[in-house]
Amino acid sequence: MSESFKFPEFYSFPPFFTVQPNLATREKQMGLWRELILSYHTSLKIKTLIVHDCPLWKNDQIGRELNPNDIKTVMNDFVKSGHGEWEDDTKARCRILWRKPEQLAADIYTWAEANGYINSVCTVYELHSGEDVNGMSFEGADEQLLRRALAILEQQGKCKMFKGESSSEDGIKFF
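Residues numbered from 1 in each chain as written. Predicted model: local features only at pLDDT ≥ 70, side-chain atom pairs only at ≥ 80, totals over all residues. Heavy atoms only, no water.

Caption draft 1: Region of interest: the sheet that holds strand β5 (residues 93-96). With antiparallel pairing, three strands are arranged side by side in an open sheet as β1-β5-β4. In the strand order of this sheet, the two ends are held by β1 (48-50) and β4 (84-86), each with one partner. Neighbour-to-neighbour, the strand axes of the sheet open up by a mean angle of 30°, direction not taken into account. Contacts between helix α2 (residues 68-80) and the sheet are confined to β1, β4 and β5, with β4 contributing the most and set at about 110° to the helix. (Pairing = 2+ DSSP bridges. Helix = DSSP H or I, 4+ residues; strand = E, 2+ residues; numbered from the N terminus. Axes fitted to C-alpha atoms, helices over the stretch in contact; angles between N-to-C directions. Contact = heavy atoms within 4.5 Å.)

Here is the structure:
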């Protein structure tokens, strides 16, 4: 397990590692799994969850781990929640959406307003890795997710995308 991630208390609760039969309890449990998967991957800036190799499924300190069927249940719930997308039909790799595209779009526009980018242009690279985005929810975000958020802003009339010589040089003008 990563030493730079602080696991929540519920991660040491043995029943957490068995999908609960009671519907109300299971819904709460799935919410906790979503929270754990998202906070773990977001804090460590991990963009893809590899299902067969995810350290979250096993807690050696309490000797518990999710069985393969329960992992499928947790992952299907996670994807259904909108915070993950399967990368292929085998469901072996899941792209983690640190923030949903709509949330990211709102965050980007708030950032553009706060940093004087309205009626100005910046590049996708600046939005992804620039000095002005340190600590922002979209810093280091998956480029495909970033582009989906920008497409939402474009549909809302809040920005316009311009093609650059490379994908990182594509420009965005905010309105």
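There's more to say after this.
Caption draft 2: Local environment of the packing of aromatic side chains. Taken as a whole, this structure holds 13 aromatic pairs when the rule is applied. Here the aromatic rings of F16 and F17 are separated by 5.5 Å at their centres, their planes lie at 85°, and the arrangement is edge-to-face. For the pair F16 and F17, one class covers both residues: buried. One aromatic cluster is present, built from ring pairs that chain together F5, F7, F10, Y11, F16, F17, W33, Y40 and W57. If you follow K158 out to its NZ or CZ, it ends over the ring of Y109, 4.9 Å from the centre. (Phe/Tyr/Trp six-rings, centres within 6.5 Å; stacked < 30°, edge-to-face > 60°. Buried < 20%, exposed > 50% of the residue type's maximum accessible area, 1.4 Å probe, protein only. Lys NZ or Arg CZ within 6 Å of the ring centre and 35° of its normal.)

Caption draft 3: Representation of the packing of helix α1 (residues 23-43) against α2. Running from N to C, α1 and α2 point in directions that differ by 75°, and their axes come no closer than 10 Å. Considered as vectors, α1 and α2 are oriented roughly perpendicular to each other. Taken together, the residues of α2 that come into contact with α1 (itself represented by M30, W33, R34, I37 and L38) are T73, V74, M75, D77 and F78. Each residue belonging to the contact of α1 with α2 can be placed in one class, and the counts come to seven nonpolar, one polar and two charged. (Parallel < 35°, antiparallel > 145°, perpendicular 65-115°, else oblique. Nonpolar A, V, L, I, M, F, W, Y, C, P; charged D, E, K, R; others polar.)

Caption draft 4: A look at α2. If you check α2, its first and last C-alpha atoms are 18 Å apart, about what 13 residues at 1.5 Å a residue would give, namely 18 Å. Among the residues of α2, D70, I71, V74, M75, F78 and V79 are the ones counted as buried. At its buried positions, α2 is contacted by α1, β1, β4 and β5. Two or three places before N69, at the opening of α2, N67 has a side-chain oxygen 2.9 Å from that residue's backbone nitrogen. (Expected span 1.5 Å × (residues − 1). Polar contact = N/O pair within 3.5 Å; in protein donor to acceptor, adjacent residues only side chain to side chain.)

Caption draft 5: Geometry of the pattern of salt bridges. Applying the stated rule across the entire model yields 11 salt bridges. Note that E87 and R93 form a salt bridge whose closest N and O atoms lie 2.9 Å from each other. E87 sits in the partly exposed class, given a relative accessible area of 32%. Judged by its relative accessible area of 34%, R93 is partly exposed. The partner of R95 in a salt bridge is D142, and the shortest N-O contact between them spans 3.6 Å. Separated by 47 residues along the polypeptide, R95 in strand β5 and D142 in the loop between α4 (124-129) and α5 (143-155) bring together distant segments of the chain. The residues R95 and D142 share a single accessibility class, namely buried. (Salt bridge = Lys/Arg side-chain N within 4 Å of Asp/Glu carboxyl O.)

Caption draft 6: Quick look at the pairing of strand β8 (residues 171-174). Inspection of the sheet shows strand β6 (residues 121-123) paired to β8 by three bridges, in the antiparallel sense. Paired with C122 across the bridge in β8 is I172. Both strand β7 (residues 159-162) and β8 contribute to a ladder of four bridges, which runs antiparallel. Within the sheet, the bridge partner assigned to M161 lies in β8 and is I172.

In short, the description is geometric, and any link to function would need to be established separately.
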